[in-house]
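# Working through the structure, step by step
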Amino acid sequence: MFESDLKTEIVTSNSMERIVQQSVLQFNKMWYQSSVKAPQIGITYSILGKLKRERQVKRFFKLLEKEIKKNSNNEIDLLNKSALNPAIKKLLSTTFDFEDEQVGLLFKNNFLEVTRQFIKTAKSFDHSISTKDIFQACRNVWTMNCLQLMLGLRVELTPSIFAYSMLYPYTDNYIDDPDITRENKIYFNQRLSNRLAGEALDPIDFHEQKIYELIGMIEIQYDRYLYPNVYDSLISIHKAQMKSLALLDSDTHLSEDELLNISIEKGGTSVLADGYLVAGTLNDAQRLFMFGYGAFLQLVDDLQDVKQDLECGLKTIFTRAAKKNPLDVYANQTYNFGDEIISYCDSIIPKHLNTIKGLMNKSDQILMTETIGLSFIYYSKNYFKQIETYSPFRFSFLKNEQDKYPYYQKLFTQLSEKCL
């Protein structure tokens, strides 16, 4: 499907817009053609196997608490030099069943060091930033680090990776906030659009000031004249976010096809921008894979947020379906859609890094089982039990751990402070 001569080209803003629209149509078609049959989501686990892994998780968090107390004098960088390093490796391999090569790929390529640097830089950039926002931004840092690996680049925290990841808490959350009026969002979006296009603007408040500073970091790394695609991709994701405002408008009646396209475009342009900010330029195959993978991640995100979206009136294909029927078929379709997209990454991953494909598959398997496990009310009992067999934990355990999330956030904050 991803036919390409693999040439890298500079595309104009008009052709970038055309690429986005063609990609939306292509992945819309792929979505509807994806199988609705229940997939095999990795290996299955016995009850005894689940209980064993649950004990391992509890032991890990006890160790985390112990290390934080033990190193209260800030003498040790907990992410790099303490007992946590081998503990994290063990957790990934024996609890989540990542292969040794996959775990080695993460540790040999500086992922923890980049995470440490990001936390430190984020807290320095904005002392008021919340742990929740750092978590959210970290997810995008890790995605961009994976793209660096896939493209044969050194895994590091560049100014653009930091800036784009930090833009999420400042822009995406603002747009999704139901307490902010639609008029204010439109005004904010218009000013942001002008700034992304290169217009010099004076920020009107602290929030806008931070956003403009982040855009400035990207401009330092990528000259607008030499790397126009970087900025066209940023404008594309911004346009997609503006379109997503229609999902909150109760007076707007959208078909399932239109709802799907909005999610595909928002997710696809997001990871497409990740790619351009990582590499500066991309070839056809790279662009198409990144767009597709972003679309998949957005659909998974929509599945995760069904309850929250229903409560605040945000429309997605899943909230509409959930009002009438269980989401069994939609979850199957989402997983099979992503599985097909990942199968096409062979053309862009260096042969010596083929392990990363397995790493992506394993991560997506865990992501999907947890997504379903934490939203059991939207699935049939038989389907829920069937998917639970693929989870390394009982779904009741996941639910209990979710209730402890504020506590784990507190641990993460303490860990962050030690790293600083």
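Our structure is the block above this text.
Structure report, in brief. The structure displayed is predicted, hence computed values, not measured ones.

Interhelical geometry of helix α7 (residues 159-176) versus helix α10 (residues 228-243) gives an angle of 20° and a closest axis separation of 11 Å. In this view, α7 runs roughly parallel relative to α10, as classed from their interaxial angle. Here α7 runs over α10; the crossing is right-handed. Where α7 abuts α10, its residues Tyr 164, Thr 171, Asp 172 and Ile 175 lie against Leu 234, Ile 237 and Gln 241. Split into classes, the residues belonging to the contact of α7 with α10 amount to four nonpolar, two polar and one charged.

Here we take up helix α18 (residues 395-403). All of the buried residues in α18 are Phe 395, Phe 397, Leu 398 and Glu 401. Here the buried residues of α18 occupy an arc of 150° about the axis, which is enough to place them on one side.

Membership of the largest hydrophobic core comes to 116 residues, with the highest contact counts inside it found for Phe 118, Met 150, Tyr 164, Met 166, Phe 289, Leu 327 and Phe 337. Element by element, the count of residues in this core is highest for helix α12 (residues 284-304), at eleven residues.

Inspection of every chain in the model, using the stated rule, returns twelve salt bridges. Salt-bridge contacts for Arg 195 lead to Glu 219; the nearest nitrogen and oxygen are separated by 2.8 Å. Remark: Glu 219 occurs in helix α9 (residues 206-221) and Arg 195 occurs in helix α8 (residues 182-196); sequence separation between them is 24 residues. For Asp 284, the salt bridge is made with Arg 287, and the minimal N-O distance between the two is 2.5 Å. On the criterion of helical spacing, the pair formed by Asp 284 and Arg 287 is a turn pair, its members being three residues apart in helix α12. Sharing partners across several salt bridges, the network here consists of Arg 195, Glu 219 and Arg 224.

Two measures describe an aromatic ring pair: the distance that separates the ring centres and the angle between the ring planes. Counted by the stated rule, this structure contains 18 aromatic pairs. Ring centres of Phe 125 and Phe 162 lie 5.9 Å apart, and the angle between their planes is 80°; on these two criteria the pair is classed as edge-to-face. One end of the pair, Phe 125, is in helix α5 (residues 111-125); the other, Phe 162, is in helix α7, and 37 residues separate them in sequence. Across the pair, Phe 162 and Phe 125 agree in class, each one buried. Between Tyr 293 and Phe 296, the ring centres sit 6.1 Å apart and the planes meet at 40°, which makes this aromatic pair tilted. Placement of both Tyr 293 and Phe 296 in helix α12 is noted, with a separation of three residues, approximately one turn of the helix. Here the two residues Tyr 293 and Phe 296 agree in accessibility, since each one is buried. Put simply, the rings of Phe 27, Trp 31, Phe 291, Phe 318, Tyr 330 and Phe 337 touch in pairs and so form one group of aromatic residues. Taking the ring centre of Tyr 212 as reference, the NZ or CZ of Arg 195 above it sits at 5.9 Å. Taking the ring centre of Tyr 231 as reference, the NZ or CZ of Arg 224 above it sits at 4.1 Å.

Further remarks concern the side chain of Thr 269. Among the structural elements, Thr 269 can be located in helix α11 (residues 256-279). A polar side-chain atom of Thr 269 sits 2.6 Å from the main-chain carbonyl oxygen of Glu 265.

A contiguous patch of positive charge on the surface is contributed by Lys 52, Arg 55, Arg 59 and Lys 90. Top contributing element to the positive patch by residue count: helix α2 (residues 47-70), with three residues.

This brings us to unusual backbone geometry. Look at Asp 97: it is not a glycine, yet its phi comes out positive at around 65°. Of note, Asp 97 is situated in the loop between α3 (84-95) and α4 (100-108).

Attention shifts here to α5. In this model, α5 (15 residues) spans 21 Å end to end at C-alpha, consistent with the 21 Å of a helix rising 1.5 Å per residue. What α5 keeps buried is the set Phe 111, Glu 113, Val 114, Thr 115, Arg 116, Phe 118, Ile 119, Ala 122, Lys 123 and Phe 125.

The rules we used
Residues numbered from 1 in each chain as written. Predicted model: local features only at pLDDT ≥ 70, side-chain atom pairs only at ≥ 80, totals over all residues. Heavy atoms only, no water. Axes fitted to C-alpha atoms, helices over the stretch in contact; angles between N-to-C directions. Helix = DSSP H or I, 4+ residues; strand = E, 2+ residues; numbered from the N terminus. Parallel < 35°, antiparallel > 145°, perpendicular 65-115°, else oblique. Left-handed = near helix turned anticlockwise from the far one by under 90°. Contact = heavy atoms within 4.5 Å. Nonpolar A, V, L, I, M, F, W, Y, C, P; charged D, E, K, R; others polar. Buried < 20%, exposed > 50% of the residue type's maximum accessible area, 1.4 Å probe, protein only. Arc of directions from axis to C-beta. Core = buried A, V, L, I, M, F, W, Y, C linked by side-chain atoms within 4.5 Å. Salt bridge = Lys/Arg side-chain N within 4 Å of Asp/Glu carboxyl O. Phe/Tyr/Trp six-rings, centres within 6.5 Å; stacked < 30°, edge-to-face > 60°. Lys NZ or Arg CZ within 6 Å of the ring centre and 35° of its normal. Polar contact = N/O pair within 3.5 Å; in protein donor to acceptor, adjacent residues only side chain to side chain. Patch = residues over 30% accessible without salt bridge, like charges linked within 9 Å, V, L, I, M, F, W, Y side chains within 5 Å. Areas by Shrake-Rupley, 256 points an atom, 1.4 Å probe, with all protein chains shown as cover. Lys, Arg positive; Asp, Glu negative; His and termini not counted. Charge placed at Lys NZ, Arg CZ, Asp CG, Glu CD. Expected span 1.5 Å × (residues − 1).

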